[in-house]
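Architecture and fold: a report
This is what each chain is made of:
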Protein chains: 2
Amino acid sequence: MLGFRSLILSALNVCLVVMRVVASNIDFLLLAMVFEASAKVIDGKAVAKQIRDEITGEVSRMKDAIGVVPGLAVILVGDRKDSATYVRNKKKACQSVGINSFEVHLPEDTSEQEVLKHISVFNDDPSVHGILVQLPLPCHIDEQSILNAVSMEKDVDGFHPLNIGRLAMRGREPLFIPCTPKGCIELLHRYGFDIKGKRAVVIGRSNIVGMPAALLLQREDATVSIVHSRTKNPEEITRQADIIISAVGQPNMVRGSWIKPGAVIIDVGINPVEDAKSPRGYRLVGDVCYEEACEVASAITPVPGGVGPMTIAMLLSNTLTSAKRVHNFQ
Amino acid sequence: MLGFRSLILSALNVCLVVMRVVASNIDFLLLAMVFEASAKVIDGKAVAKQIRDEITGEVSRMKDAIGVVPGLAVILVGDRKDSATYVRNKKKACQSVGINSFEVHLPEDTSEQEVLKHISVFNDDPSVHGILVQLPLPCHIDEQSILNAVSMEKDVDGFHPLNIGRLAMRGREPLFIPCTPKGCIELLHRYGFDIKGKRAVVIGRSNIVGMPAALLLQREDATVSIVHSRTKNPEEITRQADIIISAVGQPNMVRGSWIKPGAVIIDVGINPVEDAKSPRGYRLVGDVCYEEACEVASAITPVPGGVGPMTIAMLLSNTLTSAKRVHNFQ
C-alpha cells in the first residue's frame, strides 16, 4: 500500500517538474516573441546631465541668495591609478556644477593618525559640506576607523552605520543615501517606472550597493528579495522580478532566461572583458548579458552609460543637500 | 498574420495559467499526503528555560569570579495594564536568573525632560548594564529622542539605529541584537535547522521584528524575501520559503496553502481572538493558521509557548552580554 503511494507521489512529482520546465520555457518563448529586441535603453548619461544641470541652477541660486558655495573635500592616499582617475573625475564634476572642491593627496606610507588629522580639519571647516575618502586605502590603515571619523553631517558617501540604520528603519530618515543605489532609484523615478508593490530582486549584497539598494526599494514599498553567492536558484528567483538591480561584478552573469518578460533592469556591474578588437584590449560589460536582456526586458541600463554617470551626479546632489541643510536653505 | 499570432499567444498564456494552477495544487496535495499533521512543535518555552538555566550559571560564575552582578533597569511611564504586566514579567525573569533589576515607575504626566534625567542616571550607573524603556510611551513624549538617549553600550533592546546599521552591514558587529528576532534565530539554531542557502520569507517589516529578522537571516546566508502589506502575491512568495518568520499581527493570516511542504515556521504573532469557551472570553492565536500549518510544515512554533518566552530570555542574555563586555569577562 505504501509502495503504491510512493509510486503515485513520484509520478506526480515527475509530472510537476516537467510541467514547470515547459511552463518556464513557454514564458521565455512568449517574451521573446512579444518583446523582440525592444527594450528601452535607460540613458544614465542623459539623466546625469539633466541632474547636473539642475544642481548647477541650485548652486547658483544658493550663492546669489546667501553667498554660500557647497564644498566637497576628497582625500586620496597612495598612487593607485584608478583611484587617481576617480578623484580627478569627481573634481571635474564639481567644477562643472560650481561646487568647490578641495583635494588632499597623501603618499602611500601616510600614517592613520595623519589621515585622521586631515579628516578632523575638514570636519571643522565650514566651507566643506562633504568629505569623501577615496577607497581602497593602503593596507596599514584601518578603513573602518577612518570612515567612522568623518562627521555624520558631512558623510556624503552615506556609508556610516548610523546612516544605514536609519535607511533600514521605517519612520527614520538617513542624512545621506549612498550614491550608487540612490542613482539606481533615481533612474527608475525619472523614467516613470512604478516601484510600489512590484517584485524587486537585488543581485549582490555589498555594503555599498546591493544592501542599501534593497533597503531603498523596500522603503518605496517594493517586495524585495536579495540574491547572493549562497543563493541556490538565483535564476528562478530573478525571473520573478519586475525590477532587477544587479551589483555583483560578474560579466554577463544574468542571462536572458533569468529575466521576466517586461522586467526593468538596472545593471550596476562594470566589468572589463578581453576584446582584441578594442584599442585598449578590453571593453566594459555589465553583470547582465545585454543582447539577451534586450530581447526580454522592457528597459535596461547600458554599460557604460547607465548607472556609472549617476553615481557622481548623486555625490554632487548629496553635497548640495548637505550645504542646504547646514544653512537651512530651501 | 498579427491576429493569428495574438491568438497563439493568448492560447499559450491560458495553457500556462492552467498548468500553474494545477502545478500549485499538486504541490498542495503532495504535501498534505506526505506530511499528514506531522509538524514538529518547536517548544519555545522549553528552549527559553534551557537558556535561562545557562544564564543563571553564567551570572553565578561571573559573581564568583569578579564579584559583578549584571543589572537591568526598566523605565515605565504611565498606567497601561499590559505594560505593567510586561515590566513585572521582566523583573521576575531577572530575579529567576540572578540578574539585578531596577525599576522606575513614573506617572502618566511625567515630562520628557524628567524621563531623560532618569535615563541619564542609569547611563552613568556602573551597576546597570542594560536599560529598557517600556513602550509605548504617553503621546506627549517623543519616543525617538528617549530611545536615542539610552547609551549605545546599554541598549539591550538593540533598537538604536547605529546598532541596526551594524546589523545590516557585512563585516560589522552590532553590540546587541533585538530580542524577538534574536529569539527566532536562536530557536532555528537550537533545533538544528540549517539557514545557509535556504529560501526565507519574513512576513512583516516592523523595526522591532520583521526588518531585523530579515537582516539576521541574511547574515546567516539565507536568501531572504520580505512580504508586507503592499505585496501583491504574498501567498505565492511565501510558498517558496523553506523558513517562514511571520510578524504581522493578523490572526490566522497564513493558511496551509501558503506553506511549502516541509517548511519551518516561526510564528511571532500573538493575537487575541474571541472565544466564548475561554474563561477570559478570548484566546491567543498566531499569524499562522496552526491546524492547517501542522499538516504541511515540518516544524512550527505554537502560540503561546513559541517565540513569546524567547523574547525575555534574549533580553536577559543581552544584559549578561553587556555586563561581560564592560568587565571584559569571558
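Keep in mind that what you see is a predicted model, and the values were worked out from it rather than measured. Throughout, a residue's number is its position along its own chain's written sequence, starting from 1. Working convention: letters from A go to chains and numbers from 1 go to ligands, in the order in which they are written. Confidence filtering applies because this is a predicted model: local features only for residues at pLDDT of at least 70, side-chain atom pairs given and counted only at 80 or more, and all residues used for totals across whole chains, interfaces and linings. For side-chain calculations, the full set of non-hydrogen atoms in the structure is used, while hydrogens and water are omitted.

We now examine the overall build of chain A. Each helix corresponds to a stretch of at least 4 residues labelled H or I by DSSP, and each strand to a stretch of at least 2 residues labelled E; elements are numbered beginning at the N terminus. Helix and strand content of chain A: 11 helices and 11 strands. Expressed as a percentage of its 330 residues, the buried residues of chain A come to 52%. To be clear on the numbers: accessible area is Shrake-Rupley with a 1.4 Å probe, and residue cover counts the displayed protein chains and nothing else. In the form shown here, chain A has an accessible surface area of approximately 14800 Å², with 55% of it arising from carbon and sulfur atoms. Relative accessible area decides the class of each residue, using a 1.4 Å probe on protein chains only: under 20% of the type maximum gives buried, over 50% gives exposed, and in between gives partly exposed.

Bringing the confidence of the model for chain A into the picture now. When pLDDT is averaged across chain A, the result is 92; 89% of the residues are at 70 or more. For this predicted complex, the interface confidence score (ipTM) comes to 0.87, while the overall pTM stands at 0.88. As a per-residue measure, pLDDT reflects the predictor's confidence and takes values from 0 up to 100.

Here we take up the packing of aromatic side chains. All names here are of chain A. Ring pairs are drawn from Phe, Tyr and Trp, using the six-membered ring of Trp, whenever the two centres fall within 6.5 Å, and their geometry is named by plane angle: stacked under 30 degrees, edge-to-face over 60, tilted for the rest. Summed over all chains, the structure comprises two aromatic pairs over all chains. For the pair Tyr 191 and Phe 193, a centre-to-centre distance of 6.4 Å together with 10 degrees between the ring planes defines the contact as stacked. By relative accessible area, Tyr 191 is classed as partly exposed at 25%. The rule for a charge over a ring is simple: NZ of Lys or CZ of Arg within 6 Å of the ring centre, and within 35 degrees of the ring normal. Note that Arg 325 overlies the ring of Phe 176, its terminal NZ or CZ placed 4.8 Å from the centroid.

Helix span, expected: 1.5 Å multiplied by one less than the number of residues in the helix. With 20 residues, helix α11 (residues 307-326) of chain B extends 29 Å from end C-alpha to end C-alpha; this agrees with the ideal 28 Å at 1.5 Å per step. Positive phi shows up at Asn328(B), right after α11(B), with a value of about 50 degrees.

Let us look at the sheet that holds strand β4 (residues 130-133) of chain A. Residues and elements named next belong to chain A. Pairing between strands requires that DSSP locate at least two bridges from one strand to the other. Sheet architecture is open: three strands sit in the order β3-β2-β4, paired in parallel fashion. Edge positions in the open sheet fall to β3 (100-106) and β4, since each of these has one partner strand only. For this sheet the average axis-to-axis angle between neighbouring strands, irrespective of direction, equals 15 degrees. Along the sheet face, helix α3 (residues 81-97) touches β2 (71-77), β3 and β4 and points at about 170 degrees away from the line of β2. When checking whether two residues touch, look at their non-hydrogen atoms; a contact exists if any pair is within 4.5 Å. In this description, a line fitted to the C-alpha atoms serves as the axis of each element, helices being fitted only across the stretch in contact, and the angle between N-to-C directions of two axes falls anywhere from 0 to 180 degrees. Packing of helix α4 (residues 112-124) onto the sheet brings it into contact with β2, β3 and β4, and relative to β2 it is tilted by some 180 degrees.

Moving on, we get to empty space enclosed by the protein. Only protein atoms enter the 1 Å grid used here. Points where a 1.4 Å probe fits but cannot escape make up a cavity, open sets with protein on both sides within 12 Å along at least five of seven lines make up a pocket, and a residue lines them when an atom lies within 4 Å of a point. Grid points are joined across faces, edges and corners, and a volume is the space filled by probe spheres set on the points. If you walk through the whole model with that rule in mind, you get seven cavities of 30 Å³ or more. Size it by volume and the largest cavity reaches roughly 170 Å³. What lines the largest cavity is a set of 13 residues, among which Leu215(A), Ile226(A), Ala214(B), Leu215(B) and Ile226(B) lie closest to the centre. Elements that contribute at least two residues to the lining of the largest cavity include exactly α8 (210-219) and β6 (223-227) of chain A together with α8 (210-219) and β6 (223-227) of chain B. By volume, the second largest cavity amounts to about 70 Å³. Looking at the second largest cavity, the residues that line it are Ile131(A), Leu132(A), Val133(A), Leu147(A), Val150(A), Asp155(A), Asp157(A), Phe159(A) and His160(A). Broken down by element, the lining of the second largest cavity gets its largest block of residues, three residues, from β4(A). Residues of the lining of the second largest cavity, tallied by class, amount to six nonpolar, one polar and two charged. Basically, the charged four are Asp, Glu, Lys and Arg, the nonpolar ten are Ala, Val, Leu, Ile, Met, Phe, Trp, Tyr, Cys and Pro, and anything else, Gly included, counts as polar.

In this section: helix α2 (residues 44-66) of chain B. Residues and elements named next belong to chain B. With 23 residues, α2 extends 32 Å between its outermost C-alpha atoms, agreeing within 8% with the 33 Å of an ideal straight helix rising 1.5 Å per residue. Against the buried residues of α2 lie α3 (81-97), α7 (179-190) and α11. Whenever two N or O atoms come within 3.5 Å, that pair is a polar contact, provided that in protein one can donate a hydrogen and the other can accept it, and provided that, for residues adjacent in sequence, both atoms are side-chain atoms. N-capping of α2 is provided by Asp 43, with a side-chain oxygen placed 3.2 Å from the backbone N of Lys 45. Count one or two residues on from α2 and you reach Gly 67, which has phi positive near 70 degrees.

On to the environment of Ser225(B). Residue placement: Ser225(B) occurs in strand β6. In the structure, Ser225(B) is positioned 24 residues away from Gly249(B) in sequence and 19 Å away in space, judged by C-alpha atoms. Sequence-distant contacts of Ser225(B), that is, excluding residues within four places in its chain, are made with Val224(A), Ser225(A), Arg199(B), Ala200(B), Val201(B), Val202(B) and Ile237(B). Polar contacts involving the side chain of Ser225(B) include one to the side chain of Ser225(A), which spans 2.5 Å.

Residue and element names in this part refer to chain B. Position of Gln 134 among the secondary structure elements: in the loop between β4 (130-133) and α5 (143-149). One polar contact links Gln 134 to Lys 90, side chain to side chain, over a distance of 2.9 Å. Contacts of Gln 134, omitting those with residues within four sequence positions, involve Ile 75, Leu 76, Ser 83, Tyr 86, Val 87 and Lys 90.

Residue and element names in this part refer to chain B. Ordered by their spatial adjacency, three strands build an open sheet running β3-β2-β4, and the pairing between neighbours is parallel. The open sheet terminates on both sides in strands that have one partner only, identified here as β3 (100-106) and β4. Going across the sheet, the axis of each strand differs from the next one's by a mean of 15 degrees, ignoring polarity. Here four bridges tie strand β2 (residues 71-77) to β4, and the two strands are oriented parallel to one another. Along β4, the bridge assignment pairs Leu 72 with Gly 130. Packing against the sheet, helix α4 (residues 112-124) makes contact with β2, β3 and β4, and its axis sits at approximately 180 degrees to β2.

One side-chain nitrogen of Lys or Arg within 4 Å of one carboxyl oxygen of Asp or Glu is enough to make a salt bridge. Evaluation of the coordinates by the stated rule reveals 30 salt bridges over all chains. The partner of Arg205(A) in a salt bridge is Asp221(B), with the nearest N and O atoms 2.8 Å apart. Of this pair, Arg205(A) sits in the loop between β5 (199-203) and α8 while Asp221(B) sits in the loop between α8 and β6, each in a different chain. A residue is classified by how much of its surface remains accessible, and Asp221(B), at 14% relative accessible area, is buried. A salt bridge links Asp275(A) to Arg283(A), with the nearest nitrogen and oxygen atoms 3.2 Å apart. Here Asp275(A) falls in the buried class, since its relative accessible area comes to 15%. Since its relative accessible area comes to 40%, Arg283(A) is described here as partly exposed. Each of Glu54(A), Glu186(A) and Arg190(A) takes part in one network of salt bridges that share partners.

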